[in-house]
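Chain by chain, the residues:
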Amino acid sequence: SINFDEGAQIYEVTKEKLFSSWQKRDTNSTYDLISDYIPAQPINCNATLNGNKLTLTWESSDKDKVWHYNIYKVKENESASYLNMIGQVKDLGFEYLLDDNETYYYIIQPESNEGIYGKALKIKISL
């Protein structure tokens, strides 16, 4: 049964009111708009080495709007891709066990909960 006293309406399809008629069908229904927000670039990255464990930490001006950070390990002229992704973290830090003493670049890329990538931070680590 439909409770017309609370403002519920029968679903009606019209070109002008397609979504609004659906929303009124269920009393107190809500919806979220898709966001096109681009997460801010991480800043102030620090790298520390303890034995063979590399620890990266950084800051973010909009941590609450970032779903997670994608971490990549690349060579000098290599682009970030899923093939060289070494992790994803929700925090502002990442630990990684090194297996060699070469020079690599680590890329920290924020991603929103809508799947939008922000500008990445790229740092060079030489051992």
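Heads up: the structure comes first, above all this text.
Owing to the predicted nature of the structure, the values given are computational and were not obtained by experimental measurement.

Moving on to the pairing of strand E5 (residues 93-97). Because side chains alternate across E5, one face comprises the buried residues Phe94 and Tyr96, and the other comprises Gly93, Glu95 and Leu97, none of which is buried. Pairing of strand E2 (residues 53-59) with E5, which is carried by 5 bridges, proceeds in the antiparallel orientation. Its bridge partner lying in E5, leucine 54 is registered against tyrosine 96.

Take the pairing of strand E1 (residues 43-50) next. Both E1 and E2 contribute to a ladder of 6 bridges, which runs antiparallel. When the bridges of E2 are listed, threonine 48 appears paired with threonine 55. The antiparallel hairpin formed by E1 and E2 contains 2 residues in its connecting segment, where glycine 51 sits at a positive phi of about 70°.

Enumeration over the complete set of coordinates arrives at 3 aromatic pairs. Pairing tyrosine 96 with tyrosine 106 gives two aromatic rings, centres 6.3 Å apart and planes at 65°, and the pair type is edge-to-face. Separated by 10 residues along the polypeptide, tyrosine 96 in strand E5 and tyrosine 106 in strand E6 (residues 104-111) bring together distant segments of the chain. Look at tyrosine 96 and you get buried, because its relative accessible area is 19%. Aromatic ring contacts, followed pair by pair, group Phe94, Tyr96 and Tyr106 into a single cluster. Positioned above the aromatic ring of tyrosine 104 is the side chain of lysine 73, whose terminal nitrogen or guanidinium carbon lies 4.1 Å from the ring centre.

Analysis parameters
Residues numbered from 1 in each chain as written. Predicted model: local features only at pLDDT ≥ 70, side-chain atom pairs only at ≥ 80, totals over all residues. Heavy atoms only, no water. Buried < 20%, exposed > 50% of the residue type's maximum accessible area, 1.4 Å probe, protein only. Helix = DSSP H or I, 4+ residues; strand = E, 2+ residues; numbered from the N terminus. Pairing = 2+ DSSP bridges. Phe/Tyr/Trp six-rings, centres within 6.5 Å; stacked < 30°, edge-to-face > 60°. Lys NZ or Arg CZ within 6 Å of the ring centre and 35° of its normal.

By themselves, these observations are geometric and do not establish any function.
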